[in-house]
Protein chains: 2
Amino acid sequence: MSTSVDFDDNSRMTDTTPRRRDATATRRAILTSAREAFAEMGYDGAGVREIAARAGVTAMLVNRYFGSKENLFAEAVAEGMARTAVVLPKILSSGATGEEIAKTLLGITGASDTPMEGFQILLRSASSRRAAEISRELIERHQQKAIATALGGDLAAQRAALMLSLIAGVQLMRQMIALPALADSKSKSVVRTLAPLFQMLIDGNA
Amino acid sequence: MSTSVDFDDNSRMTDTTPRRRDATATRRAILTSAREAFAEMGYDGAGVREIAARAGVTAMLVNRYFGSKENLFAEAVAEGMARTAVVLPKILSSGATGEEIAKTLLGITGASDTPMEGFQILLRSASSRRAAEISRELIERHQQKAIATALGGDLAAQRAALMLSLIAGVQLMRQMIALPALADSKSKSVVRTLAPLFQMLIDGNA
DNA sequence: GTCTATAGAAAGATAGAC
DNA sequence: GTCTATCTTTCTATAGAC
């Protein structure tokens, strides 16, 4: 590298400098963009071009950094699920009541941008076989085990799985399908109906 | 029968006879094929070519009979939901217990071809905005009202909506995500945990 | 009524300049 | 490290023969 240092020193010759040249920042921007796009439009709906455009780069870089769309999706789901993962086990481990869980759930499934991004990606991407596999792995590792531990008692795994089912179902019907009875009606009356279900899953049945 | 066969009689002029020439049967075959394909692979995953091939026709006829893929999907969801619709309200209206519902649900979400095709299409197609709209309309009209009527009592609409949420969530986690705690473990222990939830939605809470 | 053939758009991924 | 330009495939939808 002695004599041919002519692209940093004397930048007169090759002065292009197309962008900011920060690999980690670019990678991070793509991943964030992908997380949002997948949550909004699902695995099939979100195109690499669009994800790249949101991140301010070209489609080529997506494949350069992540190899393929599938790999990008796996990382996006992992990050989304990691974010979501902190919410539920936390409120459970501190001995929350069914009503508190119901309130929390309804509070974070109303707006469009939510802490439930992991589940949203999952729901919007359930069509893809590969996406389902990736999701199962992540749910099992991050969500179910943490919830089952927090719940404790008999049949903790099943109760945790059913709690996840109920949460996913509510998010689906309320946020994505927008079933009026859940989306439009007063949160309070929904909480009243939903709370005892969570309470029963917390307590376990004799 | 007897003398008809005008494509056999004067077959000298137009002798092609490419297929059987039964418009309603062809249309019906396409619709059936579409219902299965959408349930299996979702709106984006199922291509018109593949749907047509399963029905034994070419892709062109799909658009001839249904105008577009979106219209075809709408009809397929409608039929799938109508089939699913008869299951739940029926067992509810006859005063079923939570345990009976739980047993029924687990019985029809294990196999691959199920009476829950309507929900399956919905879950696999939740990525599509248009699919969600179509589904909401159909769920509201066919499922929720029937269930709410069968349930009766206070907050019947919310209770029905939550029952649908729970059903959809269980189907999602058990059949599509294949969460081991729900998919692999003995049905009996899952029923034991699930039954009181349904019972509570049936009774309504004081 | 059904076919073959193809138009036209959009997808994911790659090559090579700078 | 990032770009432009392009390859290849796949999709929905249409045109026209029979």
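Residues numbered from 1 in each chain as written. Chains lettered and ligands numbered in written order. Predicted model: local features only at pLDDT ≥ 70, side-chain atom pairs only at ≥ 80, totals over all residues. Heavy atoms only, no water.

## Quick look at the overall build of chain A
Working step 1: Broken down by element type, chain A carries eleven helices and zero strands.
Working step 2: Listed by position from the N terminus, the elements making up chain A come as α-α-α-α-α-α-α-α-α-α-α.
Working step 3: The buried share among the 206 residues of chain A stands at 50%.
Working step 4: Across chain A, every contact between residues at least 6 apart in sequence was considered, and the portion connecting residues at least 24 apart equals 69%.
Working step 5: Here chain A displays about 9,700 Å² of accessible surface, and carbon together with sulfur accounts for 51% of that area. (Helix = DSSP H or I, 4+ residues; strand = E, 2+ residues; numbered from the N terminus. Buried < 20%, exposed > 50% of the residue type's maximum accessible area, 1.4 Å probe, protein only. Contact = heavy atoms within 4.5 Å. Areas by Shrake-Rupley, 256 points an atom, 1.4 Å probe, with all protein chains shown as cover.)

## What about the confidence of the model for chain A?
Close reading of the predicted structure is inappropriate where its pLDDT is low.
Working step 1: Mean pLDDT over chain A stands at 84; residues scoring 70 or higher make up 87%.
Working step 2: Element-level pLDDT for chain A is lowest in helix H5 (residues 87-93) of chain A, with a mean of 79, against a maximum mean of 97 in helix H3 (residues 59-66) of chain A. (pLDDT = per-residue confidence, 0-100.)

## Regarding the relation of the copies chain A and chain B
Between the two copies of the chain lies a rotation about an axis combined with a shift along it.
Working step 1: Superposing chain A onto chain B takes a rotation of 180° plus a shift of 0.0 Å along the axis, which leaves an RMSD of 0.1 Å. In symmetry terms, the pair is related by a two-fold rotation axis. No C-alpha of chain A approaches the rotation axis more nearly than that of Gly169(A), which lies at 2.1 Å.
Working step 2: Both copies present the same face, since 100% of the interface residues in chain A are matched by interface residues at the equivalent positions in chain B. (Least-squares fit on C-alpha atoms with pLDDT ≥ 70 in both.)

## Overview of the protein's contact with DNA strand C
Working step 1: Around DNA strand C, a shell composed of 21 residues is seen, among which Val48(A), Arg49(A), Lys69(A), Met60(B) and Tyr65(B) lie nearest.
Working step 2: Among atoms of DNA strand C positioned within 4 Å of the protein, sugar and phosphate together represent 52%.
Working step 3: Between DNA strand C and the protein, one listed contact pairs a phosphate oxygen with a side-chain N or O atom of Asn63(A) at 3.2 Å.
Working step 4: For DNA strand C, a phosphate oxygen lies 3.4 Å from a polar atom in the backbone of Asp22(B). (Near = heavy atom within 4 Å. Polar contact = N/O pair within 3.5 Å; in protein donor to acceptor, adjacent residues only side chain to side chain.)

## Observations regarding the packing of helix H4 (residues 59-66) of chain B against helix H5 (residues 69-85) of chain B
Packed helices, taken two at a time, are described by the angle between their axes plus the distance between the axes.
All names here are of chain B.
Working step 1: The N-to-C vectors of H4 and H5 enclose an angle of 70°; their axes lie 8 Å apart at closest approach. Regarding the angle of H4 to H5, the classification is roughly perpendicular. Seen from H4, the contacting residues are Val62, Asn63 and Phe66; seen from H5, they are Lys69, Asn71, Leu72 and Glu75.
Working step 2: Residues of the contact of H4 with H5, tallied by class, amount to three nonpolar, two polar and two charged. (Axes fitted to C-alpha atoms, helices over the stretch in contact; angles between N-to-C directions. Parallel < 35°, antiparallel > 145°, perpendicular 65-115°, else oblique. Nonpolar A, V, L, I, M, F, W, Y, C, P; charged D, E, K, R; others polar.)

## So, the domain arrangement of chain A
Residue and element names in this part refer to chain A.
Working step 1: Taken domain by domain, chain A consists of domain 1 (20-67) and domain 2 (84-203).
Working step 2: Using only C-alpha atoms to locate each centre, domain 1 and domain 2 end up separated by 28 Å.
Working step 3: Taken as a group, Arg35, Ala39 and Tyr43 account for 61% of the area that domain 1 buries against domain 2, more than any other trio of residues on that side.
Working step 4: Summed over the shared surface of domain 1 and domain 2, the result is one salt bridge.
Working step 5: Here Glu117 makes a salt bridge to Arg35, at a shortest N to O gap of 2.7 Å.
Working step 6: On the surface where domain 1 and domain 2 come into contact, there are four residue pairs in polar contact (both at pLDDT 80 or more). (Domains from an automatic or database assignment. Buried area = accessible area lost by both parts, 1.4 Å probe. Salt bridge = Lys/Arg side-chain N within 4 Å of Asp/Glu carboxyl O.)

## Comments concerning the packing of aromatic side chains
Residues and elements named next belong to chain A.
Working step 1: Using the criterion set out here, one finds six aromatic pairs over all chains in the structure.
Working step 2: Relative to Tyr43, the ring of Phe38 lies with its centre 6.0 Å away and its plane at 20°, an arrangement referred to as stacked. This pair shows no difference in class: Phe38 is buried, exactly as Tyr43 is.
Working step 3: Ring geometry for Phe38 and Phe73: centres 5.0 Å apart, planes at 85°, overall edge-to-face. Pair noted here: Phe38 is in helix H1 (residues 23-45) and Phe73 is in helix H4 (residues 69-85), with a separation of 35 residues, a long-range link. In this pair, the class of Phe38 matches that of Phe73, namely buried.
Working step 4: Among the aromatic residues, ring-to-ring pairing joins Phe38, Tyr43 and Phe73 into one connected group.
Working step 5: Here Lys69 stacks its cationic end above the ring of Tyr43, 4.8 Å away from the centre of that ring. (Phe/Tyr/Trp six-rings, centres within 6.5 Å; stacked < 30°, edge-to-face > 60°. Lys NZ or Arg CZ within 6 Å of the ring centre and 35° of its normal.)

## Notes on the interface of chain A and chain B
Working step 1: Listed by partner, the interface residues are 50 residues for chain A and 50 residues for chain B.
Working step 2: Carbon and sulfur atoms make up 70% of the surface buried where chain A meets chain B, a total of about 4,400 Å² over both sides.
Working step 3: The interface formed by chain A and chain B includes two salt bridges.
Working step 4: Close ionic contact of Asp154(A) with Arg192(B) constitutes a salt bridge, the shortest N to O distance being 3.4 Å.
Working step 5: Seen at the junction of chain A and chain B, the total is seven residue pairs in polar contact (both at pLDDT 80 or more).
Working step 6: Going through the elements one at a time, H1, helix H7 (117-124), helix H8 (129-151), helix H9 (156-176), helix H10 (180-183) and helix H11 (187-203) of chain A are the ones with two or more residues in the side of chain A that touches chain B.
Working step 7: Considering every element that reaches the side of chain A that touches chain B, the biggest residue donor is H9(A), with 14 residues.
Working step 8: The residue inventory of the side of chain A that touches chain B, partitioned by class, reads 30 nonpolar, eleven polar and nine charged.

## Here we look at the environment of Thr193(A)
Residue and element names in this part refer to chain A.
Working step 1: Mapping Thr193 onto the fold places it in helix H11.
Working step 2: Among the residues examined, Thr193 registers a relative accessible area of 3% and is labelled buried.
Working step 3: Considered as a pair, Thr193 and Glu99 are 94 residues apart in the sequence and their alpha carbons are 9.4 Å apart.

## Regarding the environment of Arg192(B)
Working step 1: One can find Arg192(B) in helix H12 (residues 187-203).
Working step 2: With 90 residues separating them in the primary sequence, Arg192(B) and Ala102(B) have C-alpha atoms 8.4 Å apart.

## Re the nonpolar core
Working step 1: By size, the foremost hydrophobic cluster in this structure holds 137 residues, and its most contacted members are Phe38(A), Met173(A), Phe38(B) and Met173(B).
Working step 2: The residues touching Phe38(B), leaving out its near neighbours within four places in the chain, are Tyr43(B), Ala46(B), Ile51(B), Lys69(B), Leu72(B), Phe73(B), Ala76(B), Ile121(B) and Arg124(B). (Core = buried A, V, L, I, M, F, W, Y, C linked by side-chain atoms within 4.5 Å.)

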